[in-house]
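Residues per chain, in single letters:
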Amino acid sequence: QVRLVESGGGLVQSGGSLRLSCAASGTYYSFNAMGWYRQAPGKQRDLVAAIVSGGSANYADSVKGRFTISRDGARNTVYLQMNSLKPEDTAVYYCNAERQSRLYWGQGTQVTVSS
């Protein structure tokens, strides 16, 4: 059974930083892509950042220049370094992994940015 285990969420003040981690377990293969989504109450779950096996990354416009996604391929672990956090970044952040059209999700971790 594939499981994505997240950590690093919490409460920070505006302008602060958080580093989210997501480790995949229960599989012997690497994922084609891993990433992070977020969902605020009453809003859609939107892509924040994603990284493919080749190392290319893409970001939502709202986080470009502030967030950095990285990946440890050997451990199927993905990170999201979040700097210069804003209150509008407040959401539940979900880890995501994909391989052969199969999609896996983490349990979600709350990120709250206070003003």
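See the structure above.
Here the residue numbers are simple positions, counted from 1 along each chain's written sequence. For this predicted model, a pLDDT threshold of at least 70 governs which residues receive local features, and a threshold of 80 or more governs which side-chain atom pairs are given and counted, while totals over whole chains, interfaces and linings are taken from all residues. The basis for the side-chain values is all heavy atoms of the structure; hydrogens and waters are excluded.

> Honestly, the nonpolar core in this entry has me stumped. Any pointers?
The nonpolar side chains of a soluble globular protein tend to be buried, and buried together. Counting 27 residues, the largest nonpolar core has Trp36, Val48, Phe67, Val78, Leu80, Met82 and Tyr93 as its most contacted members. Secondary structure elements are taken from DSSP: a helix is a run of H or I of four residues or more, a strand is a run of E of two residues or more, and numbering for both begins at the N terminus. Elements with a contribution of two residues or more to this core: strand E3 (18-25), strand E4 (33-39), strand E5 (46-52), strand E7 (67-72), strand E8 (77-82), strand E9 (91-99) and strand E11 (109-114). We define a nonpolar core as any set of buried Ala, Val, Leu, Ile, Met, Phe, Trp, Tyr and Cys residues linked to one another through side-chain atoms lying within 4.5 Å. Three exposure classes are used, based on accessible area relative to the maximum for each residue type with a 1.4 Å probe and protein chains only: buried under 20%, partly exposed in between, and exposed over 50%.

> Just to check I follow, could you spell out the side chain of Arg66 for this structure?
Within the secondary structure, Arg66 is located in the loop between strand E6 (57-59) and E7. Given the relative accessible area of 10%, Arg66 is considered buried. Two N or O atoms count as a polar contact when they lie within 3.5 Å, although within protein this holds only if one can serve as hydrogen donor and the other as acceptor, and sequence-adjacent residues are included solely when both atoms are side-chain atoms. From its side chain, Arg66 meets the backbone oxygen of Ser62 in a polar contact 2.8 Å long. Working rule for contacts: check all heavy atoms of both residues, and any pair within 4.5 Å makes them a contact. Ignoring any residue separated from it by four or fewer positions in sequence, one finds Arg66 in contact with Gln81, Met82, Asn83, Ser84, Leu85, Lys86 and Asp89.

> Looking at this model, I keep getting lost on unusual backbone geometry. Mind explaining?
Peptide bonds are, in most cases, trans, and in most cases residues other than glycine have a negative phi. You will see that Ser84, though not glycine, has its phi angle at about 50°, which is positive. Here Ser84 shows up in the loop between E8 and E9. The exposure class of Ser84 is partly exposed, given its relative accessible area of 40%.

> Sorry if this is basic, but what is going on with the state of the cysteines here?
A covalent bond bridging the sulfur atoms of two cysteines is what the word disulfide describes. Sulfur atoms of two cysteines make up a disulfide when they are within 2.5 Å. In this structure the tally under the stated criterion is 1 disulfide. Here Cys22 is linked by a disulfide to Cys95, with a sulfur-sulfur distance of 2.0 Å. Taking the torsion about the S-S bond as the criterion, the Cys22 to Cys95 disulfide, at about -85°, is left-handed. Remark: Cys95 occurs in strand E9 and Cys22 occurs in strand E3; sequence separation between them is 73 residues.

> In this structure, what is going on with the pairing of E11? I would like to understand it.
Along any regular strand the residues' side chains alternate between the sheet's two faces. The side-chain alternation of E11 yields one buried face, formed by Thr109, Val111 and Val113, and one unburied face, formed by Gln110, Thr112 and Ser114. Here, a strand pair is defined by DSSP locating no fewer than two bridges between the strands. In terms of strand pairing, strand E2 (residues 10-13) meets E11 through 4 bridges, oriented parallel. Bridge assignment links Leu11 to a residue of E11, and that residue is Thr112. Two elements, E9 and E11, share 3 bridges in a ladder whose sense is antiparallel. By the bridge assignment, Tyr93 is partnered in E11 with Thr109.

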